[in-house]
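Tertiary structure, described
Each chain is listed here by its residues.
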Amino acid sequence: MKQILLYILSLLFTTSVLADEPIKIGVITDTHYLSEKLMDDGYALQDYVQMSGKNIKDAPAVLDKVLDDYLHSDIQVLLVSGDMTKDGEKKSHLDFVNKLKPLQNKGVKIFVIPGNHDINMPGAVEFKGNKALPVPNVTPEDFTDIYASCGYNSALLRDTASLSYVASLDTHTWLVAIDAARYKEYKTRSISGGKISADTEKWIVEVLDEARLQNVNVIGMMHWGLTEHIVYQSVFFKDYLVDDWKRFANLFADKGMKAVFTGHFHSNDISAFTSDKGNTIYDIETGTLSGYPFSYRFVELSEKGMDIKTKNVTSLPDNPALAVDDKQRMQFLSHKLTIQKLKGMGYNLPDDVLNQFADVLSQIFVLHLYGDEKPDEKLKQSMLRLSKVMDSPMDIEELHVDFPPADNNVRIVF
């Protein structure tokens, strides 16, 4: 903790930031950027976009549009909570960080943390014509070299067991960037789930204890969710929550962390978790820039709380129907995935019931991607049909599918 203590002492001699001045922050995640130099518009790329949940063809243009918006805004900090690249291609990382330079030249401080698609990826490829061809990936050492200017060189303290670090956002606020990726275990394929090691947990606790002693506010950033954002997420989508999430949510809340910025699930959602001791932490999950709803955030953070506003890319010069088309694609893919999951969990349902279930759940999922889920008329009709097929009446008007607070535009009070 010597670095942090020296930093605290240095603050006694500076008055550059007032205690009540909000920090203006931009937040993006899951850009899944594939360098423009690693793809053409051949069949291999088209097939990947149609079969995956990632519109990597349009992702570079979406990213450029978002970064240009930030460049013309008044943000002071940009947080990037993992999965910067499609599958850890070294060229993608190099080109991605190059896209950040105009913001850095303006004075914006940028902080990144790896996701499950960024380091040691066995499946790093380029798309040329009808072929997917292997390309170099990056090691953990490569990652910190490439993103040296995005948190690692300016860190107050770095964890020796992972790529986690502590950074100063201003004189009274720290960012704890938590690396829960399991890239050390990758062999022939990546691992979707995230896990905080015992050594990294001990390090985080020491940082949070030091912050409390110094009366410093702490927010976190991690690729994986810290708490559930939809009903039964820990059952149906457990890999999108950090391993042992409930214990960590209790621990972080009780140690004074106010909020954690996350990604991974590709949805734009905010959930509040209250610990057994009555302390609350907010998991602010931001949607992907590689698919509908193409979300990014503007946050004003102060000691008292934060104001959060969300924007979405809906069109591009070369794709005016970007959001409309991608929403339909996600509806189709989520319907297909729902059927696979229900069958995989052993539900032996007649085909008509299975399809009705998938229709309802996929619509709820697409609403969840955007956030502030409210059943529309189409979903209500689908649920009525399902209730008739199952001979199980349900009160549609009493249906609540979103956890508090609001997801897109909200004031959070600490």
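Our subject is the structure listed above.
This report concerns the structure included in the present document. The structure presented is a predicted model; accordingly, all values stated were derived computationally and were not measured.

In this section: unusual backbone geometry. The residue after Tyr 292, namely Pro 293, is reached through a cis peptide bond having omega 10°. By the element assignment, Pro 293 lies in the loop between strand 12 (280–285) and strand 13 (295–302). For the peptide bond that leads from Pro 404 to Pro 405, omega is 0°, which places it in the cis range. With respect to the helices and strands, Pro 405 occurs in the loop between helix 13 (377–389) and strand 15 (410–413). In the Ramachandran plot, Asn 120 falls in the positive-phi region, its phi being about 55° despite a non-glycine side chain. The exposure class assigned to Asn 120 is partly exposed, which follows from its relative accessible area of 23%. At Asn 215, a position not held by glycine, the phi torsion is positive, near 60°. Assignment of secondary structure puts Asn 215 in the loop between helix 8 (198–213) and strand 9 (217–222). Judged by relative accessible area, Asn 215 falls into the exposed class, the value being 66%.

With that settled, consider the pattern of salt bridges. Under the defined criterion, the tally for this structure stands at 14 salt bridges. Between Lys 255 and Asp 209 there is a salt bridge, with the nearest N and O atoms lying 2.9 Å from each other. Here Lys 255 is found in the loop between helix 10 (245–254) and strand 10 (257–262), whereas its partner Asp 209 is found in helix 8, with 46 residues between them in sequence. Across the salt bridge formed by Arg 329 and Asp 326, the nearest N and O atoms sit 3.1 Å from each other. Of the two residues, Arg 329 and Asp 326 both sit in helix 11 (residues 322–344), three residues apart, roughly one turn of that helix. For the residue pair Arg 329 and Asp 326, the accessibility class agrees, reading buried in each case. Overlapping salt bridges, with partners in common, bring together Glu 36, Asp 64 and Lys 99 in one network.

Conventions we followed
Residues numbered from 1 in each chain as written. Predicted model: local features only at pLDDT ≥ 70, side-chain atom pairs only at ≥ 80, totals over all residues. Heavy atoms only, no water. Helix = DSSP H or I, 4+ residues; strand = E, 2+ residues; numbered from the N terminus. Buried < 20%, exposed > 50% of the residue type's maximum accessible area, 1.4 Å probe, protein only. Salt bridge = Lys/Arg side-chain N within 4 Å of Asp/Glu carboxyl O.

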